[in-house]
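Analysis of the macromolecular model
Residue-level listing of the chains:
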Amino acid sequence: MTGPVAKPWILEIAPYVPGRSTTLSGKKAIKLSSNENPLGTSPAARDAFVSAADSLERYPDSGAHDLREALAALHDLDPARIIYGNGSDEVLHLAAGAFAGPGDEIIYVNYGFTVYPIATRRVGATPVVAPDHDYATDVDAILACVTDRTRIVFVANPNNPTGTYATRAEIARLHAGLPSHVLLVLDHAYAEYIDGDIDDGGMELARDAPNVLVTRTFSKMYGLAAERIGWGYAAAPIIDAMHRIRLPFSITIAGTAAAIAALGDTAFVEHTRAHNAEWRRWFSDEIAKMGNAGLRAVPSQANFVLVLFEGRLTAEQAYSGLMEAGYIVRWLPGQGLPHGLRITIGTEDDNRGVIATLRKLAGEH
Ligand SMILES: *Cc1c(COP(=O)(O)O)cnc(C)c1O
């Protein structure tokens, strides 16, 4: 007897590989592999989460009214055009589910976020991979991939795992070059970490254009990865289509309460942003000092740095050496980066510890 057979495009999915939280021997270690907030969570968000324990018997508000109002007030948006989901991962899946299917094409960059290929194949669409330009998003390469079967372009800005940032002018050029029936998804999971007051103009495009969806998350800057709250903003017909396939109760009461409280704790956000900016600069400078050993930091606007190993010390050796020293980072051979480690910016102690370990390893090889 044979059992049910999964769709062929489902069997082509390479399952998502999450960041490790223990060493190979099972020892607990400092986790710098999932870009979580090293400063924890806002105390106000934690209090709101704890208070939600009084309503565990209730279903959440399927319309997420309070969350949408809070986001709309903070970002000056129309609350009716906000979609939300179980992490922004769900929102990315909703976009693929509503706008692509078998025979359609979805474009993303070579060194991109690994949820995009999963979301693409899940709906039976065909992935089209655009080459990068020295690890950064190459707008011309993406535009060269567009065909009349293209339905979606996924761009993370800043990008994961490279940390690179496409400017407002480049994003505008990308959008201008796309036919209006192609949905441009700008994944802003790390938008809060960009230096200074610059932004890529994505939210304005989502407000004004018929074909742009911006996604955001509470998992990184807001320190709420455990609670799985993400959201998106786009033209009303896009949001309407996504709502039709959304799970009715995919965000929880506790997570929503924590998220709303987190939005109000601007001191925590500012502290996180300043900490990250300071240590990202320090970390990248320290890697540059190891340039003669072949180490190179890809310029990052996120809360992690992609370190390339182009000398005698290999990324694999550095990965093992860091793990032995108690630091778990992300080695990315499965993403075409066997020579790269993605390292989350941690606390001061974490960052100093990682750099000291790398310096020692570089000296030994
Ligand atoms: C972390 C991350 C997300 C956010 O995931 P959540 O599901 O919201 O936790 C989205 N996109 C990218 C590129 C990320 O790195």
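- Looking up the protein chain in an unreviewed UniProt entry gives the name Histidinol-phosphate aminotransferase, with the organism given as Sphingomonas canadensis.
- Of the protein chain, the UniProt comment under Catalytic activity (unreviewed entry) reads exactly: "L-histidinol phosphate + 2-oxoglutarate = 3-(imidazol-4-yl)-2-oxopropyl phosphate + L-glutamate".

A closer look at the overall build of the protein chain
- When helices and strands are tallied, the protein chain shows 13 helices and 13 strands.
- Over its C-alpha trace the protein chain gives a radius of gyration of 21 Å, about what one expects of a compact globule, namely 21 Å for 365 residues.
- If you line up the protein chain on its principal axes, its C-alpha atoms span 60 × 60 × 50 Å.
- The buried share of the protein chain, taken over its 365 residues, is 53%.
- In the protein chain, the share of contacts with a sequence separation of at least 24, taken over all contacts with a separation of at least 6, comes to 73%.
- When the accessible surface of the protein chain is totalled, it reaches about 16,000 Å², and 55% of it is carbon and sulfur.
- Charge-centre separation for the protein chain: the mean point of 32 positive side chains lies 5 Å from the mean point of 42 negative side chains.

Thoughts on the packing of aromatic side chains
- For the structure shown, the criterion picks out 10 aromatic pairs.
- Measuring from ring centre to ring centre gives 5.1 Å for tyrosine 190 and phenylalanine 304, while their planes differ by 75°; the resulting arrangement is edge-to-face. Of this pair, tyrosine 190 sits in the loop between strand 6 (183-187) and helix 8 (202-208) while phenylalanine 304 is found in strand 10 (residues 304-309), placing the two residues 114 residues apart along the sequence. Phenylalanine 304 matches tyrosine 190 in its accessibility class, with the two residues each being buried.
- One aromatic cluster is present, built from ring pairs that chain together Tyr108, Phe113, Tyr116 and Phe154.
- The ring of phenylalanine 304 has arginine 342 lying over it, and the distance from NZ or CZ to the ring centre is 5.6 Å.

Observations concerning the environment of proline 38
- Secondary-structure assignment places proline 38 in the loop between strand 1 (30-31) and helix 2 (43-51).
- Residue classification places proline 38 among the partly exposed residues on the basis of a relative accessible area of 31%.
- Leaving out residues up to four positions away in the same chain, proline 38 has contacts with His275, Ile345, Gly346 and Thr347.

A look at the UniProt feature "modified residue: N6-(pyridoxal phosphate)lysine" (unreviewed entry) in the protein chain
- Cross-referencing UniProt, the feature "modified residue: N6-(pyridoxal phosphate)lysine" (unreviewed entry) maps to Lys220 in the present numbering.
- Among the structural elements, lysine 220 can be located in the loop between strand 7 (212-217) and strand 8 (229-233).
- A relative accessible area of 13% places lysine 220 in the buried class.
- Not counting residues up to four positions away in its chain, the partners in contact with lysine 220 are Ser34, Asn35, Asn37, Ala189, Tyr190, Tyr193 and Asn303.

Some remarks on helix 7 (residues 168-177)
- Of all the residues in helix 7, the buried ones are Ile171, Leu174 and His175. Along the long axis of helix 7, the arc covered by the buried residues comes to 95°, so they all point the same way. Residues of helix 7 that are exposed and angled more than 90 degrees away from the buried face: Ala169 and Ala176.
- Here the buried face of helix 7 lies against helix 6 (139-144), strand 5 (150-156), strand 6, helix 8 and strand 7.

The rules behind each value
Here, residues in each chain are numbered from 1, in the same order as that chain's written sequence. At least 70 in pLDDT is required for a residue's local features to be given in this predicted model, at least 80 for side-chain atom pairs to be given and counted, and no such filter applies to totals for whole chains, interfaces and linings, which use all residues. As a rule here, side-chain values cover all heavy atoms of the structure and leave hydrogens and water aside. UniProt positions are given in the numbering used here, feature names are shortened, and annotations may be inferred rather than shown by experiment. Helix numbering and strand numbering both begin at the N terminus, where a helix is a DSSP run of H or I of at least 4 residues and a strand a DSSP run of E of at least 2. As a reference, a globule follows 2.2 Å times the number of residues to the power 0.38, and the radius of gyration itself is taken over C-alpha atoms. Note on exposure labels: buried denotes an accessible area under 20% of the residue type's maximum, exposed denotes more than 50%, and partly exposed covers the range between, all computed with a 1.4 Å probe on protein chains only. Between two residues, a contact is recorded if the distance between any of their heavy atoms is within 4.5 Å. Note on areas: these come from Shrake-Rupley sampling with a 1.4 Å probe, and a residue is covered only by the protein chains present in the view. Charge counting treats Lys and Arg as positive and Asp and Glu as negative, with His and both chain ends excluded. By convention, charge coordinates are those of NZ in Lys, CZ in Arg, CG in Asp, or CD in Glu. Two rings belonging to Phe, Tyr or Trp (six-membered ring only in the last case) form a pair when the distance between their centres is within 6.5 Å. Interplanar angles under 30 degrees mark stacking, angles over 60 mark edge-to-face geometry, and anything in between is tilted. Whether a charge lies above a ring is judged from NZ of Lys or CZ of Arg, which has to be within 6 Å of the ring centre and within 35 degrees of the ring normal. The directions from the helix axis to the C-beta atoms are what the arc is built from.

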